[in-house]
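# Observations on the model geometry
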Amino acid sequence: MAVKDRDRFSTATRLRLLGEQTAARVYRSQTKRQARRSRLTGRAALLALVLCSLVVALAYPMRQYVSQRAEIADLRRQKEQARERVEELRDAKARWQDDAYAEHRIRERLHYVMPGETGYTVVDPSAADQKRTDRGAADRPWYANVWDAVDKADRSRR
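### What about the overall build of the protein chain?
The helix and strand inventory of the protein chain stands at five helices and zero strands. Overall, the protein chain shows an N-to-C arrangement of helices and strands of α-α-α-α-α.

Here it is as structure tokens:
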């Protein structure tokens, strides 16, 4: 027994035991890591695949949903504007059915006067000067004058 006790306390025996214990720990930790990695990696890959599939499957419907909600909001805004315009037109119609308002507007726009009244038209001097500057049309080619006339006609309709 004395020999066994001496071997147990020798440096070589201790180093060998420490090496074996360390090797066992390293082996256990590597097998645990490998088992954890492989199991976790497979689950992570499956989860990533499922998530990517969901994103791809839901991307187009979500885009459609968002665009349709925007279109609905736009149509509601147009509806409200149309409702306001209808109210304005109803008010205008009611005003025009009043004879006093219609007479006032006709006299203002068409410069009508009642019998016995004297009508006056005031000419703005700066407006006459503006008409004189438009006389330069004779100096330009004919097609430029035609094009300007088309532009002016288009602007007056807006």
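### Thoughts on the confidence of the model for the protein chain
Of the residues in the protein chain, 79% reach a pLDDT of 70 or more, and the chain-wide mean stands at 82. For the protein chain, helix H1 (residues 2-8) is the element with the lowest average pLDDT, namely 57, and helix H3 (residues 99-110) is the one with the highest, namely 91.

### Digging into the packing of aromatic side chains
Summed over the entire model, instances satisfying the criterion amount to two aromatic pairs. For the ring pair Trp 96 and Tyr 101, a centre distance of 5.4 Å and an interplane angle of 80 degrees mean the geometry is edge-to-face. Judged by its relative accessible area of 24%, Tyr 101 is partly exposed. Where Trp 142 meets Tyr 143, the ring centres are 5.8 Å apart and the plane angle is 80 degrees; that geometry is what we call edge-to-face. Judged on exposure class, the residue Trp 142 and its partner Tyr 143 are both exposed.

### Concerning the pattern of salt bridges
It is possible for side chains of opposite charge to pair when their charged atoms get near one another. Counted under the stated rule, the structure contains nine salt bridges. Across the pair Asp 74 and Arg 77 runs a salt bridge, and its minimum N-O distance is 2.3 Å. Remark: Arg 77 and Asp 74 occur in helix H2 (residues 11-96); sequence separation between them is three residues, near one turn of the helix. One salt bridge connects Arg 107 with Glu 117, and the closest N-O pair in it is separated by 2.3 Å. Within this pair, whereas Arg 107 is found in helix H3, its partner Glu 117 is found in the loop between H3 and helix H4 (125-133), the two being separated by 10 residues in sequence. You can call Arg 107 partly exposed: its relative accessible area is 26%. A relative accessible area of 38% places Glu 117 in the partly exposed class. Several salt bridges converge on common partners, so that one network encompasses Glu 103, Arg 107 and Glu 117.

### Quick look at a nonpolar patch on the surface
A cluster of nonpolar side chains, namely Leu 46, Leu 47, Leu 49, Val 50, Leu 51, Leu 54, Leu 58, Met 62, Tyr 65 and Val 66, defines an oily patch on the protein surface of about 1,000 Å² accessible area. With respect to the secondary-structure elements, Leu 47 resides in helix H2. Residue class for Leu 47 comes out exposed when judged on its relative accessible area of 52%.

### What to know about H3
For H3, spanning 12 residues, the distance from its first C-alpha to its last is 16 Å, which sits close to the expected 16 Å at 1.5 Å a residue. Taken from the residues just after H3, His 111 is the one with a positive phi, measuring 60 degrees.

### Structural notes on unusual backbone geometry
Even without glycine at this site, His 111 takes up a positive phi of about 60 degrees. With respect to the element layout, His 111 can be found in the loop between H3 and H4.

Cut-offs and rules
- Residues numbered from 1 in each chain as written.
- Predicted model: local features only at pLDDT ≥ 70, side-chain atom pairs only at ≥ 80, totals over all residues.
- Heavy atoms only, no water.
- Helix = DSSP H or I, 4+ residues; strand = E, 2+ residues; numbered from the N terminus.
- pLDDT = per-residue confidence, 0-100.
- Phe/Tyr/Trp six-rings, centres within 6.5 Å; stacked < 30°, edge-to-face > 60°.
- Buried < 20%, exposed > 50% of the residue type's maximum accessible area, 1.4 Å probe, protein only.
- Salt bridge = Lys/Arg side-chain N within 4 Å of Asp/Glu carboxyl O.
- Patch = residues over 30% accessible without salt bridge, like charges linked within 9 Å, V, L, I, M, F, W, Y side chains within 5 Å.
- Areas by Shrake-Rupley, 256 points an atom, 1.4 Å probe, with all protein chains shown as cover.
- Expected span 1.5 Å × (residues − 1).

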